[in-house]
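# Coordinates in review
If you want the building blocks of each chain, they are given just below.
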Amino acid sequence: MVDDPDIVARYAVDWTGRFRGRPACVVRPASVEEVVALMRLSAEAGFGLVPQGGNTGLVGATQAPAGTVILNLEALRGITDDDGAVVAAAGTTIAEVARHARERGHEFGLDMASRDSATVGGAFATNAGGLYACRFGRMADQVTGVEAVLADGTVVSTLEGPHRSVAGVDPARLLAGSEGGLAVVTALRLRLHPPIGPTVTCLSGFADFDALVDTLAQSPPVLAAEVFGHPEMEIVTSHAGLPAPLARSRWYLLVELEERHAADFRPPPNAVVGDGLWEYRDRITESFGTTGVVHKHDIVVPRRRLPDLVERLGEAVEPNRLFVFGHVLMDDFHVNIAPPDPAEVVPEAIDDVVFSAVEELGGVVAGEHGIGRLKRERYLARLDPVSRRLAEALKRAVDPDGRLNPGVGVWPAPSGEQAVDLL
Ligand SMILES: Cc1cc2nc3c(=O)[nH]c(=O)nc-3n(C[C@H](O)[C@H](O)[C@H](O)COP(=O)(O)OP(=O)(O)OC[C@H]3O[C@@H](n4cnc5c(N)ncnc54)[C@H](O)[C@@H]3O)c2cc1C
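Note that the structure is predicted; figures quoted are calculated from it, not measured.

Rules used throughout
- The residue numbers shown here count from 1 along each chain, following its written sequence.
- This being a predicted model, a pLDDT of at least 70 is required before a residue's local features are given, and a value of 80 or more before pairs of side-chain atoms are given or counted; all residues contribute to the totals for chains, interfaces and linings.
- The basis for every side-chain value is the complete set of heavy atoms in the structure, and neither hydrogens nor water enter the calculation.
- Two strands pair under a simple rule: DSSP has to find at least two bridges between them.
- Put simply, DSSP H or I for four residues or longer makes a helix, DSSP E for two residues or longer makes a strand, and each gets a number counted from the N terminus.
- Between N-to-C directions, angles cover 0 to 180 degrees, with each direction set by a line fitted to C-alpha atoms, over the stretch in contact for helices.
- Contacts were defined at the residue level, with two residues in contact if any of their heavy atoms lie within 4.5 Å.
- Working definition: with a 1.4 Å probe on protein chains only, accessible area under 20% of the residue-type maximum means buried, over 50% means exposed, and in between means partly exposed.
- This arc corresponds to the set of directions leading from the helix axis out to the C-beta atoms.
- Any carboxyl oxygen of Asp or Glu within 4 Å of a side-chain nitrogen of Lys or Arg constitutes a salt bridge here.
- Domain start and stop positions are those given by an automatic or database domain assignment.
- Buried area: the accessible surface (1.4 Å probe) lost by two parts on joining, summed over both.
- Polar contacts here mean pairs of N or O atoms no more than 3.5 Å apart (in protein, one a potential hydrogen donor and the other a potential acceptor; neighbouring residues in sequence count only if both atoms are side-chain atoms).
- All amino acids are sorted into three groups, where Ala, Val, Leu, Ile, Met, Phe, Trp, Tyr, Cys and Pro are nonpolar, Asp, Glu, Lys and Arg are charged, and the leftover types, Gly among them, are polar.
- When at least one non-hydrogen atom of a residue lies within 4 Å of a molecule or strand, that residue is treated as near it.
- Per-residue accessibility takes into account occlusion by the displayed protein chains alone, with areas from the Shrake-Rupley method and a 1.4 Å probe.
- Cavity means a closed set of points on a 1 Å grid over the protein atoms alone, one where a 1.4 Å probe fits but cannot get out, pocket means an open set with protein on both sides within 12 Å along at least 5 of 7 lines, and lining means a residue has an atom within 4 Å of a point.
- Any molecule with more than half of its atoms within 2 Å of a cavity's or pocket's grid points is regarded as sitting in that cavity or pocket.
- Note on angle classes: values under 35 degrees are labelled roughly parallel, values over 145 roughly antiparallel, values of 65 to 115 roughly perpendicular, and the remainder oblique.
- By definition, turning the near helix anticlockwise from the far helix through less than a right angle yields a left-handed crossing, and turning it clockwise yields a right-handed one.

If you walk across this open sheet you meet the five strands as β5-β6-β9-β7-β8, and the pairing is antiparallel. Lying at the two open borders of the sheet, with one neighbouring strand each, are β5 (79–82) and β8 (155–157). Taking each pair of neighbouring strands and ignoring which way they run, the sheet shows an average axis angle of 20°. Contacts from helix α2 (residues 32–45) reach β7 (143–149), β8 and β9 (184–190), with the element oriented near 50° to β7. Of the strands in this sheet, β5, β6 (85–89) and β9 touch helix α3 (residues 94–103), which is tilted by about 40° from β5.

A few words on helix α13 (residues 306–316). Within α13, the full set of buried residues consists of Leu306, Leu309, Val310 and Leu313. The buried residues of α13 occupy an angular sector of 95° when projected down its axis, which confines them to one face. Facing away from the buried side of α13 by more than 90 degrees, the exposed set consists of Glu311 and Glu315.

If you walk through the whole model with that rule in mind, you get 25 salt bridges. Note that Arg303 and Asp331 form a salt bridge whose closest N and O atoms lie 2.7 Å from each other. Here Asp331 lies in the loop between β15 (321–327) and β16 (332–338) and Arg303 lies in the loop between β14 (295–300) and α13, a separation of 28 residues in the sequence. One salt-bridge network, held together by shared partners, links Asp352, Glu359, Arg378 and Arg382.

Let us look at the domain arrangement of the chain. Its domain assignment divides the chain into domain 1 (5–74), domain 2 (79–190) and domain 3 (197–291). Placing the centre of domain 2 and that of domain 3 at their C-alpha centroids yields a distance of 29 Å. The interface of domain 2 with domain 3 comprises seven residues on the first partner and 10 residues on the second. In total, about 680 Å² of surface goes out of reach between domain 2 and domain 3, with carbon and sulfur atoms giving 51% of it. A per-residue breakdown of the area domain 2 buries against domain 3 is headed by Leu131, Tyr132 and Arg135, which together make up 70% of the total. There are two salt bridges connecting domain 2 and domain 3. The shortest N-O distance in the salt bridge between Arg135 and Glu258 comes to 3.0 Å. Linking domain 2 with domain 3 are two residue pairs in polar contact (both at pLDDT 80 or more). In the side of domain 2 that touches domain 3, the residues fall into five nonpolar, no polar and two charged.

Moving on, we come to the site of the ligand. Neighbouring the ligand are 36 residues; Pro51, Gly53, Thr56, Ser114 and Thr119 lie closest to it. The contact in question runs from an oxygen atom of the ligand to an N or O atom on the side chain of His327, over 3.5 Å. A total of 970 Å² of accessible area belongs to the ligand in isolation, and the protein chains cover 97% of it. When atom positions are compared with the pocket grids, the ligand is found to occupy the largest pocket. Elements represented by at least two residues in the shell around the ligand include exactly β3 (49–52), α4 (120–126) and β9. A breakdown of the residues in the shell around the ligand according to their chemical character gives 15 nonpolar, 19 polar and two charged. Residues lining the shell around the ligand come from more than one domain, with at least three contributed by each of domain 1 (5–74) and domain 2 (79–190).

Take unusual backbone geometry next. The linkage connecting Glu318 with the following residue, Pro319, adopts the cis geometry, with an omega of 5°. Assignment of secondary structure puts Pro319 in the loop between α13 and β15. Even without a glycine there, the phi angle at Asn55 is positive, about 55°. Inspection of the secondary structure assignment puts Asn55 in the loop between β3 and β4 (69–72).

What follows is about the packing of α13 against helix α14 (residues 350–360). Axis separation between α13 and α14 bottoms out at 10 Å; the angle between their running directions is 155°. When the axes of α13 and α14 are compared, the pair comes out roughly antiparallel. When you trace α13 past α14, the crossing you get is right-handed. The segment α13 lies against α14, with Leu309, Arg312, Leu313 and Ala316 engaging Val353, Val354, Ala357, Val358 and Glu360. When grouped by side-chain class, the residues that make up the contact of α13 with α14 number seven nonpolar, no polar and two charged.

This is the structure in structure tokens:
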């Protein structure tokens, strides 16, 4: 257990610096037995537990309300091979699993810029998407078994593999995207994919967004397809000291595809092929670090509506600055609003401006990053009554006192103060 305020602060504040929890302490179990003991202790003493992996989440889902305890899973790590699949402890990072898979001639289907800190448990609990989702699916699609501890200390396990029954209720499906509100995940059985052959990366510039989407629609299968605009290109080149890779355009498309498909991909004339082009996409997020506390939103809109969203928001958020990029084939885009000056603060009301614009364009306010605290109110207000009832019944069945991650995601929370601080 850690209760030194300086050390606890590292776990209490989120990656963006926007949300700060008030946990009583942090516990870091190193075995399933220790997780079980903590769950039982929490049931006896009646305190809430906030499961936490690498704390790279962006929706304020691991910032613990006062009186609760952070249950950090990073010490629970390790990978074992299992007939072409792997079983990874919840605190193992995405990068560790990917490295392990490659060393054995396989590919892990999930990748994202937070790979060195984000854990498989956190990726599963958010049902993360990431860079290769258009090829391999989301984290839930990589998971074929789960081991988890319920609020009363019961261990549920389907790690034994594909010979288990496929009928009935599958915990690996139920717990995907549950944001720490139904159980603490302790291990996952992960499918691996055949190796990807040599790949080619192409960055192309477009004046017109429809032309970009048309190019993708006619493209051979791609591993990844990322879009961003000129403001994002400007900030990443200036922050990272990168040269302008091609002539200035309104929109950029970064595509990675296997070499065997490259000849069939038809980019526009303003295009460049080469190693190292991923840096222009990967380093966009860190570029905002120089601009003060950024409001980050991960939303879904039909891809051809993205220019409309950017146009509406560009004016609405002024004098704050807008940066948008994302996974175009998943219709999943990251909307970032930075203050005009690092010393200034983006007004809270801007979040509602973003959410309203997204909904007016036929989109959804929560994409691959989850709901967390950030989008809970808005999301619940629009959740259909049947889904709401199902969420309530599920939570009542496995965590009737509401001790797991109170106030996060779709799950009903116990009455009382669940707030965390906004910085
Ligand atoms: C630079 C950067 C790039 C990113 N890119 C992407 C991207 O492309 N795609 C994407 O989807 N996300 C992305 N993210 C967001 C983030 O990395 C993911 O949400 C990731 O899956 C969170 O993993 P984590 O281990 O850090 O979880 P945390 O942030 O610690 O937790 C996230 C949620 O999972 C729950 N949780 C964590 N571990 C467990 C467990 N063992 N059992 C039960 N619940 C648990 C928490 O309670 C919380 O609700 C990015 C973040 C950053 C900082």
